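Next come the chains, spelled out residue by residue.
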Amino acid sequence: MKIILISPDRALMESMRQILQMENAKREFVLFDSVDAAAQSIGQESPDLVILNGHSLGIDQLAVLERFSHQNTNTSFIVLCENATPEFLIGAMRIGVKDVLSLPLVPKSLSTAVALIENKLNKTSTLQHIGKVITFIAGKGGSGATFLACNLGYILASSFGKSVALLDLNLQFGDAALFVSDKVPANTLTDVASNISRLDASLLASSMVQILPNFGVLAAPEDAEHAVAIKPDNIDALLKLAKTHYDYVILDIGRTLNATSVKALDHTDHIFLVIQETLPFIRDSKRLIHALLSLGYAKEKIQLVLNRYEKGGDIQLRDVESTLNMKVFETIPNSYEAVSASVNQGVPIMKIAKHDPVTKALLNIADKLTVDPKVKKDGWLTHLLHHA
Ligand SMILES: Nc1ncnc2c1ncn2[C@@H]1O[C@H](COP(=O)(O)OP(=O)(O)O)[C@@H](O)[C@H]1O
Ligand SMILES: [Mg+2]
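Residues numbered from 1 in each chain as written. Chains lettered and ligands numbered in written order. Predicted model: local features only at pLDDT ≥ 70, side-chain atom pairs only at ≥ 80, totals over all residues.

Peer 1: Describe in detail the overall build of the protein chain, supporting the description with residues and values.
Peer 2: Of regular secondary structure, the protein chain possesses 19 helices and 13 strands. In terms of overall dimensions, the protein chain is more spread out than a globule: its C-alpha atoms have a radius of gyration of 27 Å, far above the 21 Å expected for 388 residues. With 388 residues in all, the protein chain has 37% of them scored as buried. By sequence separation, contacts in the protein chain at least 24 residues apart represent 74% of the contacts at least 6 residues apart. (Helix = DSSP H or I, 4+ residues; strand = E, 2+ residues; numbered from the N terminus. Rg over C-alpha atoms; globule rule 2.2 N^0.38 Å. Buried ≥ 20, exposed ≤ 12 C-beta atoms within 10 Å, placed from the backbone. Contact = placed C-beta atoms within 7 Å.)

Printed below as a string of structure tokens:
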């Protein structure tokens with residue numbers, strides 16, 4: 001844990017450092033003798049805890065702390081002061097100061113206060129949440145991969161309450177943002193890649209087109225010239241970050257397998273391969289499946305999505321399955337009118353055609369994805385058998 005100590009009283013600062021260091025040698029300290037001196041570097045240091053000796057700190061100085069705490073939402077604050085007035089205490093609590101300790105310092109209360117914060121920090125970092133990465137890949141151009149990726153993202157956010165980031169990794173001709181929004185994206189993957197060294201959750205969020213509070217889309221580079229700047233390492237860093245901040249990270253990689261899309265596939269939990277039931281699609285998809293398997297991706301990772309499916313066509317579902325040697329995960333019906341309206345207006349199908357069969361199929365996929373395997377195992381049937 002990184003701790004910033006701020007105290008005009010050097011001796012007090014040194015004794016605090018000694019007490020805290022003795023208890024846990026892994027604690028790292030940065031020392032400042034005034035709030036002003038600390039103010040300039042607190043942002044870069046990103047401390048877990050700031051301990052401020054404000055022995056004459058009054059209500060006015062709380063404004064300084066308030067600014068600190070707004071800029072550093074992951075930082076906890078402990079304030080030491082003599083004779084804190086009730087107004088001061090209330091003000092301190094309101095801006096999120098975790099503890100106000102009275103001076104002269106009682107070492108035990110300092111240790112307890114710091115240990116509490118440290119425990120909580122350790123818990124949240126071990127419970128660090130890792131989202132699922134779902135990559136849409138088109139068996140052939142025009143399969144519906146982008147349409148399905150965007151609309152599944154919207155449904156996971158709007159109907160399942162998940163936080164979702166859709167990243168358009170089509171380095172050429174990426175168009176995902178236009179499927180769910182009529183806004184021209186202010187930033188794209190190129191901006192994120194060129195700022196990769198300072199990429200954090202807030203930079204990522206602000207680079208996306210926000211469709212819902214919990215659903216953002218990062219647009220693809222505007223042209224091939226900008227796409228050249230994107231390196232596989234950038235994708236690696238971007239996905240590592242995105243996974244820890246969103247429940248679902250949905251990627252649209254089109255149908256190219258190259259160094260960048262392979263990096264994306266390395267982070268992927270489910271590969272959604274979108275196909276249609278015509279011979280050219282099946283032929284191309286067979287090659288693509290072969291390529292994915294020879295790259296070492298497990299067959300179980302590949303989920304076959306049969307789009308624009310019409311019962312009774314020339315090629316039956318079972319023909320597709322036997323030719324590709326793989327079960328179809330979900331079929332999506334053909335629904336020309338509703339899909340065209342959604343695509344042409346840039347409005348998610350869930351919003352304009354809630355009861356369309358395509359919407360229902362997407363809800364079905366979202367349902368399958370979000371079901372907790374543990375809950376399923378101990379579902380109503382098991383329960384019944386156990387208690388019979
Ligand atoms: N289930 C569907 N029913 C009707 N039309 C569809 C369906 N899915 C996709 N489409 C149409 O296919 C077009 C191509 O889809 P798109 O997502 O751009 O394909 P890809 O990304 O695989 O190249 C879309 O513009 C849409 O109009
Ligand atoms: Mg596409």
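Peer 1: Could you give an account of the pairing of strand β6 (residues 132–138), naming the residues involved and the relevant values?
Peer 2: Of all the seven residues making up β6, six are buried; the element is thus mostly covered by neighbouring parts of the structure. By the bridge criterion, five bridges tie β6 to strand β10 (residues 248–252) in an arrangement that is parallel. Across the sheet, the residue bridging to F136 is D252, located in β10. Both β6 and strand β11 (residues 270–275) contribute to a ladder of five bridges, which runs parallel. Residue T135 lies in a different strand from β11, and its bridge partner there is I271. (Pairing = 2+ DSSP bridges.)

Peer 1: For the sheet that holds strand β1 (residues 2–6), give the residues involved together with the corresponding values.
Peer 2: Across the sheet, five strands lie side by side as β2-β1-β3-β4-β5; this open sheet has parallel pairing. The sheet is open, and its two edges are formed by β2 (28–32) and β5 (97–102), each paired on a single side. Neighbour-to-neighbour, the strand axes of the sheet open up by a mean angle of 15 degrees, direction not taken into account. Relative to β5, strand β4 (residues 76–81) is paired through five bridges, and the arrangement is parallel. Within β5, the residue paired with F77 across the bridge is V97. Each of β1, β2 and β3 (49–53) is contacted by helix α1 (residues 10–23), which is oriented at about 160 degrees to β1, the strand it contacts most. (Axes fitted to C-alpha atoms, helices over the stretch in contact; angles between N-to-C directions.)

Peer 1: Before we move on, could you go through the nonpolar core and cite the residues and values that matter?
Peer 2: Formed by 75 residues in total, the largest nonpolar core has its most connected members in V217, V249 and I250. The greatest single-element share of this core, amounting to 10 residues, is contributed by helix α6 (residues 145–158). Setting aside anything within four residues of it in sequence, one finds I250 in contact with I134, F136, A149, L152, G153, V164 and L166. Of all hydrophobic cores here, the second largest spans 28 residues; its members include I6, V79, C81 and A92. (Core = buried A, V, L, I, M, F, W, Y, C linked by C-beta atoms within 7 Å.)

Peer 1: Give me the site of ligand 1: which residues, what numbers.
Peer 2: In the vicinity of ligand 1 lie 19 residues, with A138, G144, A145, T146 and F147 positioned nearest. With four residues, the top contributor of residues to the shell around ligand 1 is helix α15 (residues 336–345). Along the lines of polarity and charge, the residues of the shell around ligand 1 split into nine nonpolar, nine polar and one charged. (Near = placed C-beta within 6 Å. Nonpolar A, V, L, I, M, F, W, Y, C, P; charged D, E, K, R; others polar.)

Peer 1: So what about the sheet that holds β10? Which residues, and what values?
Peer 2: Each strand in a sheet pairs with its neighbour through backbone hydrogen bonds, running either in the same direction (parallel) or in the opposite one (antiparallel). Strand order in the open sheet formed by eight strands is β8-β9-β7-β10-β6-β11-β12-β13, with mixed pairing between adjacent strands. Two strands in the sheet have a free side with no partner beyond their single neighbour: β8 (209–212) and β13 (328–333). Strand-to-strand twist of the sheet, defined as the mean angle between neighbouring strand axes without regard to direction, takes the value 20 degrees. Helix α11 (residues 232–245) rests against β6, β7 (164–168) and β10 of the sheet, and its axis sits at about 145 degrees to β10. Together, β12 (302–309) and β13 form the strand contacts of helix α14 (residues 317–324), whose direction differs from that of β13 by roughly 140 degrees.

Peer 1: Quick rundown of the packing of helix α13 (residues 279–294) against α14? Include the residues and the values.
Peer 2: In contact at an axis separation of 10 Å, α13 and α14 are set at 35 degrees when each is read in the N-to-C sense. Where α13 crosses over α14, the handedness of that crossing is right-handed. Counted together, I282, S285, K286 and I289 of α13 and V320, T323 and L324 of α14 form the full contact between these two elements. (Left-handed = near helix turned anticlockwise from the far one by under 90°.)

Peer 1: If you had to explain helix α12 (residues 259–266) to someone new, which residues and values would you point to?
Peer 2: Since one α-helical turn is 3.6 residues long, residues separated by three or four positions face the same way. Those residues of α12 lying buried are T260, S261, K263, A264 and L265. Check the buried side of α12 and you find it contacts β6, α11, β10 and β11.

Peer 1: Residues and numbers for the confidence of the model for the protein chain, please.
Peer 2: When pLDDT is averaged along the protein chain, the result is 89; 92% of the residues meet or exceed 70. A low-confidence stretch, residues 379–383 (pLDDT under 50), is modelled with two contacts involving residues beyond four sequence positions or located in other chains. (pLDDT = per-residue confidence, 0-100.)

Peer 1: Hey, could you go over the environment of A186 for me, with residue numbers and the actual values?
Peer 2: Along the polypeptide, A186 turns up in the loop between α7 (176–180) and α8 (189–194). As for A186 and L279, which are separated by 93 residues in sequence, their C-alpha atoms are 40 Å apart.

Peer 1: Hey, could you go over the pairing of β10 for me, with residue numbers and the actual values?
Peer 2: In terms of burial, β10 is largely enclosed, as five of its five residues are buried. Along β10, one buried face is formed by Y248, I250 and D252 and the opposite face, lined by V249 and L251, is buried too.

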